[in-house]
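Now for the letters of each chain:
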Amino acid sequence: MISLELATGTNEVIDITSVARDWQRSSRALGGCWEGMFTAQGLARADMVRWFEQCLGYGVTERYCGLVTWHGYIYEMRLRLDGVEYLRSLAPQQWHNRVKVRYSVSGAQQATAWAENIDSMAAYGTMDYVLDIGEATAAQAQALQARHLEHYAWPATRVVSPIEPGRVGGLGDSLQVVCAGWWSRLNWRVYETTVSATATSAISTLVGACDFVTVGVVDQNDLAVKVDCSTPRRIGDAVEEIVALGDADGHLWNCGVWRDHQLEYRHGDATATYWLRRGQLLYAGGGPVPPPLVEPGRWAFVYDAPVGLQPSPQAGLYDDPRYCFLEEVRFAVPDRLVVVPYGESLSVDMLAHQLGR
Amino acid sequence: MRVLKLVHGSLELNLLAGSSGFTLPADNWAPKVASPAANVAPETVVEEIPVRVRAASADALSSVMQTLHRLQVLTAAWVDATEPEPTWLHCKLDAETGERRAVVRRIEFRYVTSWFNMQSDPNLLLGQLIVERDPYWESLTQSNLVINSGMGTLGGAFAYAYGANPRPMGDAPARLAELNVMGSAEQAYAWVGFRSAQKHGTLADFLSRWELEAGGLSTDAALATDSTASPGGGGNTKVVVSFATQAGWAMRWYGYLFQYRSTAQIPANYGQYLALLRAKVASGTTAEVSMLYGYQTSTITAGPFVRISATDWTLYPVGLVRIPPSGIALSPGTAAELSWEYLALYARRLAGSGAMDIDCLVLIPVDEYAVMLSISQVAGGTSTLRASLPPLGQYVGQYFGWTGSEFVIMGTPAVAWNGPGLPRGDGYLYVASARPNRVSVLSDTLTVGVSFVNRWLSLRGSTA
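Residues numbered from 1 in each chain as written. Chains lettered and ligands numbered in written order. Predicted model: local features only at pLDDT ≥ 70, side-chain atom pairs only at ≥ 80, totals over all residues. Heavy atoms only, no water.

## Some words on the pairing of strand β27 (residues 369–374) of chain B
Successive residues of a regular strand alternate their side chains across the two faces of the sheet.
Residue and element names in this part refer to chain B.
Part 1 of the reasoning: With 6 of its 6 residues buried, β27 lies for the most part within the structure.
Part 2 of the reasoning: Inspection of the sheet shows strand β13 (residues 189–196) paired to β27 by 6 bridges, in the antiparallel sense. What sits directly across from G193, in β27, is A370.
Part 3 of the reasoning: Relative to strand β31 (residues 414–418), β27 is paired through 5 bridges, and the arrangement is antiparallel. (Buried < 20%, exposed > 50% of the residue type's maximum accessible area, 1.4 Å probe, protein only. Helix = DSSP H or I, 4+ residues; strand = E, 2+ residues; numbered from the N terminus. Pairing = 2+ DSSP bridges.)

Structure, rendered in structure tokens:
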């Protein structure tokens with residue numbers, strides 16, 4: 001039985017398990033805690049409005065038997081009142097408080113200085129946003145920059161549905177809440193200097209430039225990498241690029257933000273953590289796995305995999321058809337579990353912007 | 001039916017008293033019975049109660065109906081624990097002594113057309129009340145389980161049994177009305193597990209604290225005396241992991257259940273536990289631990305990676321442990337089946353050149369009912385962590401701090417739990433706690449108080 005809590009301040013934590021009765025979330029080998037969502041239940045209209053107005057950015061923690069199993073923050077809320085849908089979101093296209101515009105003059109690349117709204121940065125953190133507009137004058141670029149800060153510096157309420165006045169009867173009020181894992185905060189900031197270093201050093205350097213996320217456990221990977229940031233790169237995208245390379249031996253590496261806002265970069269396991277046997281996911285050893293505790297980035301040994309007439313299992317997990325790398329884990333209360341193997345399609349989610357734009 | 005009424009605070013509508021206007025047209029109505037479900041609370045129950053509403057005049061009839069409508073509105077508006085009381089449906093059957101109540105979620109009134117009200121009696125209505133209620137019937141009063149002070153913070157145990165203390169008596173898990181954990185010094189974390197004699201047999205045979213000195217030592221591990229280490233068979237002894245020959249991942253400690261429990265005691269250790277490791281590192285050193293369990297070394301389940309960075313003794317949750325590890329026991333279970341249950345600690349050093357000290361593993365039972373409380377900051381001095389499950393089912397946490405002259409609420413701790421409620425009958429309560437940042441001080445003691453409300457699936461019964 002999981003419990004879900006909302007952190008509203010340093011010493012204020014509210015149990016929201018009964019509000020988020022349809023809670024579901026996902027985690028990824030590359031990213032850690034990824035996305036969660038629920039439709040608020042049992043809230044009066046006034047309470048829904050209060051949530052919508054106050055809770056954006058608040059921390060959300062899922063626990064199973066007291067262990068933290070998912071950790072993130074409220075990323076977006078959609079409130080439907082009398083048939084009108086309102087949106088508050090921390091998506092970069094909806095909100096950014098530090099803006100730069102890149103443009104060219106007669107083919108020569110130019111850029112404005114960063115312009116920012118420090119009040120918004122203090123309240124919600126810093127969200128960088130870079131616009132590319134091609135050939136333009138400096139005045140054009142600055143005007144665009146000013147307009148963006150004017151319009152998007154705060155995560156304001158926006159009406160996002162067509163409005164049909166007079167047709168409000170029978171339309172239920174509702175509040176949908178989307179949460180994001182702390183990994184997404186890596187993409188709030190951009191990096192503008194090309195990084196040449198070992199994979200380990202490069203990741204530490206990039207994460208060190210972020211707010212909210214700090215370097216936790218970073219295992220040594222001596223693979224020499226070069227991350228081209230001559231065009232400003234979002235830090236999460238750059239880290240993802242490094243992690244996806246693996247290492248010189250062709251092994252997978254896992255990287256994610258799991259708890260305490262700390263990034264962990266680890267060599268992939270060399271043995272199977274789970275068994276998949278007759279449709280059941282078990283711990284290697286045979287014990288049942290509580291669904292909230294299943295982690296991506298682990299290997300499952302598939303007992304029932306037909307290996308056919310292929311050559312017998314090879315030297316390692318990577319080329320043995322009986323081993324399956326779990327790239328994504330989706331869990332929905334009370335006990336629904338979906339695991340997505342390596343190479344299969346990950347969920348198309350509302351955080352798709354994290355994959356680059 | 002002796003009692004049947006809707007109550008919201010001081011507003012009451014007696015469905016059996018003619019003076020209220022409401023009566024039952026026949027005496028054969030009986031409440032429904034919910035069906036228990038695994039892992040989730042049973043569904044709400046929809047009662048269909050035929051009623052006759054009569055008053056002295058049409059205006060008086062309106063007044064009666066307005067009372068019902070006020071209850072309908074109050075019920076619809078009550079959504080969470082920010083209001084003190086929901087609407088209750090009180091009920092008691094003929095010749096039974098125990099009146100019980102259930103939380104009401106929704107009330108509807110439907111007119112019933114029949115030969116009687118077709119006679120155009122302006123003072124009479126025939127109808128049906130649709131009352132959606134919670135599946136459990138509750139006692140009207142809560143029972144207090146008072147626990148003496150002086151409980152240890154590393155797996156302290158308290159036995160509650162019939163005769164000596166109140167105990168959960170209902171046929172459904174009891175609702176936690178109040179759990180208070182007060183420390184001799186400020187405590188910011190508390191893990192409390194309940195287990196029943198009904199399910200686990202001789203509870204005194206369960207071991208909630210594994211002193212590591214009683215197990216086996218592995219790579220770069222040695223015993224050392226330390227007055228701040230918890231006392232075990234070897235006195236105040238800890239295990240020092242020096243990382244001298246291997247800083248990378250290696251097994252540092254292991255222990256078999258048979259090293260800790262006798263053959264006769266072993267069966268009481270079936271269950272699922274949250275494992276808390278008491279550990280610390282030298283200044284400037286960071287280590288990482290992973291707890292494993294299984295049968296001997298062949299079938300192993302790994303817990304999460306846990307970083308050890310505190311230089312004071314600290315309680316780290318290092319994962320869940322199942323005994324037996326497969327989760328499937330022979331029937332009947334045998335000591336031989338469990339005696340080779342194996343816990344192991346693997347560790348590596350991430351930074352620095354110092355040692356890691358490990359002291360004990362505390363196992364908090366989570367398979368029946370467990371409640372965990374945590375708060376990031378405390379006021380200092382003595383303090384009380386409190387958790388409560390109000391009737392509607394949203395846990396509330398409170399932290400009381402001592403300001404020097406009075407206790408005041410200083411914050412709301414996180415409340416996590418596992419299980420539907422306190423198990424029935426005689427049982428044990430196990431507790432671990434820690435100061436801010438999960439710092440564990442051996443001399444700290446606790447007073448733990450529990451209040452609960454008995455619950456039943458069926459209305460029938462004689463006990464209150």
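From this point, the discussion proceeds with the structure in view.
## Focus on a nonpolar patch on the surface
All names here are of chain B.
Part 1 of the reasoning: A contiguous nonpolar surface patch, about 250 Å² in accessible area, is contributed by M182, W402 and F407.
Part 2 of the reasoning: By secondary structure assignment, the location of M182 is in strand β12 (residues 172–183).
Part 3 of the reasoning: Relative accessible area serves as the criterion here: at 32%, M182 is assigned to the partly exposed category. (Patch = residues over 30% accessible without salt bridge, like charges linked within 9 Å, V, L, I, M, F, W, Y side chains within 5 Å. Areas by Shrake-Rupley, 256 points an atom, 1.4 Å probe, with all protein chains shown as cover. Salt bridge = Lys/Arg side-chain N within 4 Å of Asp/Glu carboxyl O.)

## Quick look at the interface of chain A and chain B
Part 1 of the reasoning: With 38 residues of chain A at the contact, the number on the chain B side is 44 residues.
Part 2 of the reasoning: The largest contributions to the chain A side of the interface with chain B come from M1, N11 and C65 of chain A, which together make up 21% of the buried area.
Part 3 of the reasoning: If you look at where chain A meets chain B, you find 2 salt bridges.
Part 4 of the reasoning: Of the charged contacts in the structure, one is a salt bridge between R266 of chain A and E288 of chain B, with a shortest N-O distance of 2.2 Å.
Part 5 of the reasoning: Taken together, chain A and chain B are joined by 8 residue pairs in polar contact (both at pLDDT 80 or more). (Contact = heavy atoms within 4.5 Å. Buried area = accessible area lost by both parts, 1.4 Å probe. Polar contact = N/O pair within 3.5 Å; in protein donor to acceptor, adjacent residues only side chain to side chain.)

## Description of the pattern of salt bridges
Part 1 of the reasoning: Scanning the entire structure with this criterion turns up 43 salt bridges over all chains.
Part 2 of the reasoning: For R298 of chain A, the salt bridge identified is with E295 of chain A, shortest N-O distance 2.9 Å.
Part 3 of the reasoning: By relative accessible area, which is 8% here, R298 of chain A ends up buried.
Part 4 of the reasoning: Here E295 of chain A falls in the partly exposed class, since its relative accessible area comes to 23%.
Part 5 of the reasoning: The closest approach of N and O atoms between R348 of chain B and E288 of chain B, which form a salt bridge, is 2.7 Å. Placement of the pair is R348 of chain B in strand β25 (residues 341–351) and E288 of chain B in strand β21 (residues 286–295), with a sequence separation of 60 residues.

## A short note on the packing of helix α4 (residues 199–208) of chain A against helix α5 (residues 235–245) of chain A
Residues and elements named next belong to chain A.
Part 1 of the reasoning: The N-to-C vectors of α4 and α5 enclose an angle of 170°; their axes lie 10 Å apart at closest approach. Overall, the two elements α4 and α5 adopt an arrangement that is roughly antiparallel. The residues of α5 that touch α4, namely those facing A199, A202, I203, L206 and V207, are I235, A238, V239, I242 and V243.
Part 2 of the reasoning: Of the residues that constitute the contact of α4 with α5, the class distribution is 10 nonpolar, no polar and no charged. (Axes fitted to C-alpha atoms, helices over the stretch in contact; angles between N-to-C directions. Parallel < 35°, antiparallel > 145°, perpendicular 65-115°, else oblique. Nonpolar A, V, L, I, M, F, W, Y, C, P; charged D, E, K, R; others polar.)

These figures come from the coordinates and say nothing about function on their own.
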